[in-house]
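Observations on chain architecture
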Amino acid sequence: MDSNTKSIITTGFKNFMITLFRVIVLVGISYVIIGPVLGIVSRSFFSDADNYNSMVYLIPQSPTLERYKLASETLDYIKTVSGSLLYSLSLMVIQVVMCSMAGYGFARYEFPFKKLLFGCVVLMIVVPTHTIMLPLYMTFANFDVFGIIKMITGSSVNLLSTPVPMYILTFFSCGLRSGLYIYIFTQFFRGLPKEIEEAAYVDGASTMYTYFRIMLRNAIPSVITVAIFSMVWQYNDTFYAKLFLVSDNLVISKKIASLESTIGNVYKIYDPNILELYLDAGIVLIMIPLIIIYVALQKYFIEGVERSGIVG
Amino acid sequence: MKKKKTSLTRKRAITGFLFITPWLIGFLWFYLRSIIMAAQFSLSELTVNPGGGYSLKFVGLSNYLYAFRAHGTFKQILTTSIGDMLVDVPLITFFSLFMALLLNKKFKGRTIVRAIFFLPVILNSEAIMGAMNIARSLMVGGLSSSSTEILEATSNSGVSIDYYIQMFTALGLPETILVYVTGAVSRISDIINASGVQIVIFIAALQSISPSMYEVARIEGATTYETFWKVTFPMVMPHIITIIVYTVVDSFMDSDVVDLAYTTAFTENNYGLSSTMSLVSTVITCLILILVCGFIQKRTFYYN
């Protein structure tokens, strides 16, 4: 055997070992991620007997849809899910428009104190929301704009237990993780060539027209990234929903927290192990919309994040 | 001619300012004002008036003194939260860099694997995560989430982890490193679940490295190992700061300190103390971020 074939064999072996290593690591880690999801899905079909039969693992002997029936009735599924989707979808649209505007301003225009103001955007990312939760709670419990509302109606308004605070915050790009979205948009707009805008100006387009019809069109990867992040995180958010006491009918992930106790009380089920099965079914129900969105947009999403300018 | 140019710059400055105005109003109104208010609350005793509104009574530093001297659990929870964070952040950073390197190569089924890795970000909700933890511990043969369970599992299968720990101690490895490693192994599922966004950022960073650099390295005869340390690592270095900021803030967001501050405010109605707790933890987080980022920034190579 000459040295050439020998080296081919060793490189072939080396490549094989590397591939094998990669397959083992990736399959193992994918299992860690998928495993619990599989567990939840399979347990949501368990009947009472399956739950106590220690021989049953993952595949129920007598599958039942009872869990889904009760869980969807208790959650008022169709109504709640469309409510929360509408809530997070509308917030997502506002989030994308307002944050991309701020990002565009930071990326393309020179104005005094720009560095300092962009530092404030970074500050928004760094300061954890819980630091400002109390002042926010107080602000919206006694809501007023420079005393104008008090002048007209005689007292400030309590906006808690309505979704209004969330809309106000999002409109002024201070909503859920807005700082991060402004950062993403700024980095992305910085990377776009200036010629696009200049061509539009030469053709006589106004600033607003250029921004909405040309720049946003070119920023599709980052728009998709922010849109999905914002949609999903808003749908999953319980922090702001709890803080502003937003109705459970708009925030399904908040409603799920009380699912077990509600079913226990209404249907007189006292066995915590059985109640857990209902929770599993409820979890599957709230995951379904997320999974559908994710599968549908998965391709744009991951590639979008890569091209969206997080990396600058 | 000169005058016209200044007026154009001014016009552009005004347009730019208009673009950020909504954000600026929001920042001043909700963020800056809130941070100032939180500082004010932490120095006062706050009572909610029955008719709406609240009144403040200045009490000086007594909230801070109470939190650090008299409060039963605050100091302990704060230190464990920070400790967890300090353990998790390097683990998540290196794990996500490692996974990004694996996922960056072209292979069959790459899209599916990437989709799976991003799943935890999509399912990142308190309720789902809680149920997942239960499911994880019920899945026999799966990875359990706590180190005691791992110890149990290993002792049942005839492999004693204590034996190995003793073996490595006998070899002269410091115990702190061993504790760190076993801790890391037992938290692997948490780390995997927390590194979805980071992996994607690293993949993007890896893809932005120009292939010509690898070509040069290959022609010069660099080994894979050398190429990694001399090309790949310096090029992704600038993004490590983004990753660290994101990870620190993310891990602090759902730490126990936040829960403690929340319950202090809304269950015990002690708003002043709650503000003190959040402010103290925020200041500590920011200090850690500044220290770490300053340290890394000095050692970072910027290509441009």
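Just so it is clear, the model here is predicted, and its values are computed rather than measured.

**Some details on the overall build of chain A**
Along the backbone of chain A there are 16 helices and 0 strands. For chain A, the spread of C-alpha atoms along the principal axes amounts to about 85 × 70 × 35 Å. In chain A, buried positions account for 54% of the 312 residues. When the accessible surface of chain A is split by element, carbon and sulfur atoms take 69% of a total near 14,400 Å². Seen as two clouds, the 22 positive and the 20 negative side-chain charges of chain A have centres 6 Å apart.

**Let's talk about the overall build of chain B**
Looking only at helices and strands, chain B features 14 helices and 2 strands. For chain B, the computed accessible surface area is about 16,600 Å², with 65% contributed by carbon and sulfur atoms.

**As for the packing of helix α10 (residues 195–202) of chain A against helix α11 (residues 207–218) of chain A**
Residue and element names in this part refer to chain A. Two elements in contact, α10 and α11, have axes separated by 10 Å at closest approach and are oriented at 145°. Where α10 crosses over α11, the two elements pack in a sense that is right-handed. Contacts from Ile196, Glu197, Ala200 and Tyr201 of α10 reach α11 at Thr207, Thr210, Ile214, Met215 and Asn218. Counted by class, the contact of α10 with α11 contains 5 nonpolar, 3 polar and 1 charged residues.

**Some words on the interface of chain A and chain B**
Taken together, the 91 residues of chain A in the interface contact 91 residues of chain B. Of the roughly 8,200 Å² buried at the junction of chain A and chain B (both faces included), carbon and sulfur atoms supply 79%. Of the charged contacts in the structure, one is a salt bridge between Asp250(B) and Arg177(A), with a shortest N-O distance of 3.5 Å. Linking chain A with chain B are 4 residue pairs in polar contact (both at pLDDT 80 or more). When residues of the side of chain A that touches chain B are assigned to their parent elements, the largest contribution, 16 residues, is made by helix α1 (residues 3–43) of chain A. Considered class by class, the residues forming the side of chain A that touches chain B number 67 nonpolar, 15 polar and 9 charged.

**A short note on α11(A)**
For α11(A), built from 12 residues, the straight-helix expectation of 16 Å at 1.5 Å per residue is met to within 8% by its first-to-last C-alpha distance of 15 Å. All of the buried residues in α11(A) are Thr210(A), Tyr211(A), Ile214(A), Met215(A) and Leu216(A).

**Here we look at the state of the cysteines**
Cysteine pairs can be linked by a disulfide, which is a covalent bond between their two sulfur atoms. A full pass over the atoms with the stated rule returns 0 disulfides over all chains. No disulfide involves Cys174(A); its sulfur sits 8.8 Å from that of Cys99(A), the nearest cysteine. Here Cys286(B) is not cross-linked by a disulfide; its sulfur's nearest cysteine counterpart is in Cys293(B), at 11 Å.

**Focus: the side chain of Ser88(A)**
As for its position among the elements, Ser88(A) is in helix α4 (residues 77–108). Dropping the residues within four chain positions of it, Ser88(A) is found in contact with Met231(A), Gln234(A) and Tyr235(A).

**Side note on the confidence of the model for chain B**
Residue and element names in this part refer to chain B. With 86% of its residues at a pLDDT of at least 70, chain B reaches an overall mean of 79. Mean pLDDT across the elements of chain B bottoms out in helix α6 (residues 147–156) (53) and peaks in helix α11 (residues 211–219) (88). Of the regions scoring below 50 in pLDDT, residues 140–147 engages in 11 contacts with residues more than four places distant in sequence or in other chains. Note on the complex model: pTM 0.83, ipTM 0.83.

**Here we look at the nonpolar core**
Core analysis: the largest hydrophobic core is formed by 173 residues, its most contacted members being Phe140(A), Phe244(A) and Trp23(B). When residues no more than four places from it in sequence are discounted, the contact partners of Trp23(B) are Ala102(A), Phe106(A), Leu117(A), Cys120(A), Val121(A), Met124(A), Phe172(A), Ser173(A) and Ile182(A). Counting 7 residues, the second largest nonpolar core, distinct from the first, contains Leu134(A), Met138(A), Leu46(B) and Tyr271(B).

**Comments concerning the side chain of Ser42(B)**
All names here are of chain B. Position of Ser42 relative to the elements: it lies in helix α1 (residues 2–42). A residue is classified by how much of its surface remains accessible, and Ser42, at 0% relative accessible area, is buried. At 2.9 Å, the side chain of Ser42 forms a polar contact with the side chain of Tyr64. For Ser42, the contacting residues outside a window of four places in its chain are Gly60, Asn63, Tyr64, Gly272, Ser275, Thr276 and Leu279.

**Details of the confidence of the model for chain A**
Of all residues in chain A, 95% attain a pLDDT of 70 or more, and the chain-wide mean is 84. By mean pLDDT, the top-scoring element of chain A is α4(A) (92), and the lowest-scoring one is helix α7 (residues 148–153) of chain A (72).

**Observations concerning the pattern of salt bridges**
All names here are of chain A. Under the defined criterion, the tally for this structure stands at 8 salt bridges over all chains. For Arg108, the salt bridge goes to Glu197, with nearest N and O atoms at 2.4 Å. Placement of Arg108 in helix α4 and of Glu197 in helix α10 is noted, with a sequence separation of 89 residues between them. Both residues of the pair, Arg108 and Glu197, belong to the buried class. The partner of Lys114 in a salt bridge is Glu110, and the shortest N-O contact between them spans 3.4 Å. Judged by its relative accessible area of 56%, Glu110 falls in the exposed class. Among the ionic contacts, a cluster of salt bridges with common partners joins Arg43, Glu276 and Asp280.

**Focus on the environment of Met287(A)**
All names here are of chain A. Note on placement: Met287 falls in helix α16 (residues 272–307). A residue is classified by how much of its surface remains accessible, and Met287, at 4% relative accessible area, is buried. In this structure the C-alpha to C-alpha distance between Met287 and Gly175, which are 112 residues apart in sequence, comes to 23 Å.

**Quick notes on unusual backbone geometry**
At Arg177(A), a position not held by glycine, the phi torsion is positive, near 55°. Tracing the backbone through its elements, the reader meets Arg177(A) in the loop between α8 (164–171) and α9 (178–191).

**As for the environment of Phe228(B)**
Residues and elements named next belong to chain B. Residue position: Phe228 is located in helix α12 (residues 224–253). Sequence separation between Phe228 and Ala217 is 11 residues; the distance between their C-alpha atoms is 10.0 Å. Here Phe228 is in contact with Leu97, Leu101, Phe233 and Pro234, once residues within four sequence places are set aside.

**Some words on α12(B)**
Helix geometry: α12(B) is bent most strongly at Pro238(B), by close to 45°. Counting buried positions over the 30 residues of α12(B) gives 21, a clear majority of the element.

Conventions we followed
Residues numbered from 1 in each chain as written. Chains lettered and ligands numbered in written order. Predicted model: local features only at pLDDT ≥ 70, side-chain atom pairs only at ≥ 80, totals over all residues. Heavy atoms only, no water. Helix = DSSP H or I, 4+ residues; strand = E, 2+ residues; numbered from the N terminus. Buried < 20%, exposed > 50% of the residue type's maximum accessible area, 1.4 Å probe, protein only. Areas by Shrake-Rupley, 256 points an atom, 1.4 Å probe, with all protein chains shown as cover. Lys, Arg positive; Asp, Glu negative; His and termini not counted. Charge placed at Lys NZ, Arg CZ, Asp CG, Glu CD. Axes fitted to C-alpha atoms, helices over the stretch in contact; angles between N-to-C directions. Left-handed = near helix turned anticlockwise from the far one by under 90°. Contact = heavy atoms within 4.5 Å. Nonpolar A, V, L, I, M, F, W, Y, C, P; charged D, E, K, R; others polar. Buried area = accessible area lost by both parts, 1.4 Å probe. Salt bridge = Lys/Arg side-chain N within 4 Å of Asp/Glu carboxyl O. Polar contact = N/O pair within 3.5 Å; in protein donor to acceptor, adjacent residues only side chain to side chain. Expected span 1.5 Å × (residues − 1). Disulfide = S-S within 2.5 Å. pLDDT = per-residue confidence, 0-100. Core = buried A, V, L, I, M, F, W, Y, C linked by side-chain atoms within 4.5 Å. Bend = angle between axes of the 7 residues up to and from the residue.

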